[in-house]
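# Residue-level structure breakdown
Chain residues, written in single-letter form:
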Amino acid sequence: MTTNVSIKSDGPGTGATSATPAGTSRRSREEIQQWLTEYLAFLLDEKPEAVNIQASFDNYGMDSAAAVSLVADLEDWTGIELDPTIVYDYPTVPKLTDYLVDRQAHGAT
Amino acid sequence: MKAADASLGASIQALEYHYNLGNEFYELWLDKSLSYTSALYEGPDDTLEEAQNHKVDYHYRQTHVEGVERILDVGCGWGGQLQRATRHYGVKHAVGLTLNQPHVDWIRKFDNPRIEVRLENWRDHRPDAPYDRIYAWGVLEHAARPGISDADKRGVYEHFFELCHRWLKPGGWLSVQTITYENAQRSDLNKFIEQEIFPESDLPSQIDIVCARDRLFEITRLRNDREHYERTLREWRRRLRANADAAQRLVGKDVIARYEKYLSLFMIGFHTGTMNLSRFAFRRIDRPGHPML
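Residues numbered from 1 in each chain as written. Chains lettered and ligands numbered in written order. Predicted model: local features only at pLDDT ≥ 70, side-chain atom pairs only at ≥ 80, totals over all residues.

A few words now on the overall build of chain B. Helix and strand content of chain B: 11 helices and seven strands. Taking 293 residues into account, the globule formula puts the C-alpha radius of gyration at 19 Å, and chain B, at 18 Å, falls close to it. The principal-axis extents of the C-alpha atoms in chain B amount to approximately 60 × 45 × 35 Å. Across the 293 residues in chain B, those meeting the buried criterion constitute 47%. (Helix = DSSP H or I, 4+ residues; strand = E, 2+ residues; numbered from the N terminus. Rg over C-alpha atoms; globule rule 2.2 N^0.38 Å. Buried ≥ 20, exposed ≤ 12 C-beta atoms within 10 Å, placed from the backbone.)

Our next topic: the nonpolar core. In terms of nonpolar packing, the biggest core is built from 49 residues, with Ile71(B), Val74(B), Ala85(B), Ile134(B), Ala136(B), Tyr157(B) and Leu174(B) touching the most fellow members. Apart from the residues lying within four places of it in its own chain, the contact partners of Tyr157(B) are Leu140(B), Ala143(B), Pro204(B), Asp208(B), Ile209(B) and Ala212(B). (Core = buried A, V, L, I, M, F, W, Y, C linked by C-beta atoms within 7 Å. Contact = placed C-beta atoms within 7 Å.)

This brings us to the interface of chain B and chain A. Contacts between chain B and chain A engage 11 residues on the former and nine residues on the latter. The element that contributes the greatest number of residues to the side of chain B that touches chain A is helix 11 (residues 253–271) of chain B, accounting for seven residues.

Backbone hydrogen bonds hold the strands of a sheet together, and the pairing may be parallel or antiparallel. Residues and elements named next belong to chain B. The strand order across the open sheet formed by seven strands is 3-2-1-4-5-7-6, and the pairing between neighbours is mixed. Two strands in the sheet have a free side with no partner beyond their single neighbour: strand 3 (115–119) and strand 6 (217–224). Adjacent strand axes in the sheet meet at a mean angle of 15 degrees when their direction is disregarded. Strand direction decides the pairing type here: strand 2 (residues 93–98) and strand 3, joined by five bridges, are parallel. Following the sheet pairing, Leu-97 is matched in strand 3 by Arg-118. Packed on one face of the sheet, helix 4 (residues 80–88) meets strand 1 (70–74), strand 2 and strand 3 and runs near 175 degrees to strand 2. (Pairing = 2+ DSSP bridges. Axes fitted to C-alpha atoms, helices over the stretch in contact; angles between N-to-C directions.)

Given a rise of 1.5 Å per residue, 16 residues ought to cover 22 Å, and the 23 Å separating the end C-alpha atoms of helix 2 (residues 29–44) of chain A matches this to within 8%. Positive backbone phi, at 55 degrees, marks Asp45(A), one or two positions downstream of helix 2 of chain A. (Expected span 1.5 Å × (residues − 1).)

What follows concerns the packing of helix 3 (residues 64–78) of chain A against helix 11 of chain B. For the pair helix 3 of chain A and helix 11 of chain B, the least separation of the axes is 10 Å and the interaxial angle reads 120 degrees. When the axis of helix 3 of chain A is compared with that of helix 11 of chain B, the two are oblique. Like other packed secondary-structure pairs, helix 3 of chain A and helix 11 of chain B cross with a definite hand, here right-handed. Only Lys261(B), Ser264(B), Leu265(B), Ile268(B) and Gly269(B) of helix 11 of chain B make contact with helix 3 of chain A, whose side of the interface consists of Ser64(A), Ala65(A), Ala67(A) and Val68(A). Residue classes in the contact of helix 3 of chain A with helix 11 of chain B are distributed as five nonpolar, three polar and one charged. (Parallel < 35°, antiparallel > 145°, perpendicular 65-115°, else oblique. Left-handed = near helix turned anticlockwise from the far one by under 90°. Nonpolar A, V, L, I, M, F, W, Y, C, P; charged D, E, K, R; others polar.)

Its location among the elements puts Val95(B) in strand 2. Ignoring sequence-local partners within four residues, the contact set of Val95(B) consists of Leu72(B), Asp73(B), Glu116(B) and Arg118(B).

Moving on, we come to unusual backbone geometry. Note on backbone geometry: most residues besides glycine have negative phi, and most peptide bonds are trans. Residue Asp45(A) is not a glycine yet carries a positive backbone phi of 55 degrees. By the C-beta count within 10 Å, which is 9 here, Asp45(A) ends up exposed. Unlike most non-glycine residues, His64(B) shows phi in positive territory, near 50 degrees. Among the secondary structure elements, His64(B) is positioned in the loop between helix 3 (48–62) and strand 1. C-beta crowding within 10 Å serves as the criterion here: with 15 such atoms nearby, His64(B) is assigned to the partly exposed category.

The next thing to look at is the pairing of strand 5 (residues 168–181) of chain B. All names here are of chain B. Taken across its 14 residues, strand 5 has 11 buried, putting it largely inside the fold. Summarising the sheet, strand 4 (residues 131–137) and strand 5 pair through six bridges and their orientation is parallel. Residue pairing for strand 5: Arg-133 is matched across the bridge by Trp-173. Following the chain from strand 4 across helix 6 (residues 150–167) to the adjacent parallel strand 5, one finds a crossover that is right-handed. (Right-handed = clockwise from strand over helix to strand, strands pointing away.)

Another point: the pairing of strand 2 of chain B. Residues and elements named next belong to chain B. Among the six residues in strand 2, five count as buried, and that is most of the element. When strand 1 meets strand 2, the two strands line up parallel, connected through five bridges. Residue pairing in the sheet places Val-74 in a bridge with Leu-97 of strand 2. On the question of chirality, the crossover connecting strand 1 to the parallel strand 2 by way of helix 4 is right-handed.

A few words on the confidence of the model for chain B. Mean pLDDT for chain B: 93, with 99% of residues reaching 70 or above. As a predicted assembly, this complex carries a pTM of 0.91 together with an ipTM value of 0.86. (pLDDT = per-residue confidence, 0-100.)

The next subject is the confidence of the model for chain A. Residues and elements named next belong to chain A. Averaged over all residues, the pLDDT of chain A equals 82, while 75% of them reach at least 70. For chain A, the element scoring lowest by mean pLDDT is helix 1 (residues 12–15), at 45; helix 4 (residues 86–89) scores highest, at 98. Every residue in residues 1–11 is under pLDDT 50, and counting partners more than four places away or in other chains gives 19 contacts. Segment residues 13–23 is flagged for pLDDT under 50; beyond a separation of four residues in sequence, or across chains, it makes 21 contacts in the model.

Here it is, written out as structure tokens:
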């Protein structure tokens, strides 16, 4: 799939989800998965239920610039410092969710 | 177009756009020697400072620099490696070329009589005397512009190696460290890099370099260290973030955002193998085209 993802200047992280101040409470697995799903839905201009969360981010046409934006928005939302490369090491919604849950449990920065 | 034509590579203005934000800005997030190329990590606990010294030491060992008379450093940046060559390796005279006046001012403050720094493009360099060793780290990334023909691009790298060959004494050595295309070509890279970070700069591939040195230099060592560059970038990014307030006062919020994005994109590029970091050691072929058969 070669869909070109077009990210709006204000970013889906502030548009598609109910962002809360950084560094606050721990997010539940369900919250994280929902946040990521809504994020992808916003990028794809689809409804969240239409997003196949098992598909690799790469299959959504996410390029490196989009990955950097996603991680920056995730950092704002979770309050955890993240490497921009996590999108490539944990390339689906469930895998990235697992990673973030783990990071929260084992000493977020 | 002739390979010696400076317009085939990035202009001084393009390089200033990236490198000329003032020394204080770079001091906030580079190591103490202000080395602005990939470090070389020898262990999991290496600091950035140690890893930058390992990088310099690696190249110097590969090229047997100990005690030589004259070395040239093309694209010498803030000159930390010139200091190391003269202080730790007994080099008698170290010449550095840079296109940025702040680099020149910085190096002259070393007040090291063994170091000479020139504000000069390598294409225009005319040595006073031949060199024993030449170093070019972070130079070939800017040698060719995007959009020039493949033949012109090949010609640029051939010209670089021809000049280095001409400037070296018989038995001389050359060290090159450069970012290279790995699983990518120019059209695959993010436009942000070309437009916002390194304008007028195209990368070489390893095959470009291997071909360009043909019958001028023997490759004695090549190591690809993209993981080292990723780790270097991670540390630069961490330091820039840790000093964000001070950095913002110096260069403004937009520049910080631009740099953070660039460091992140490059981390991804090296992490995924889109780009590599290639370190070459070359021995000069003293009689090119005269095989001893």
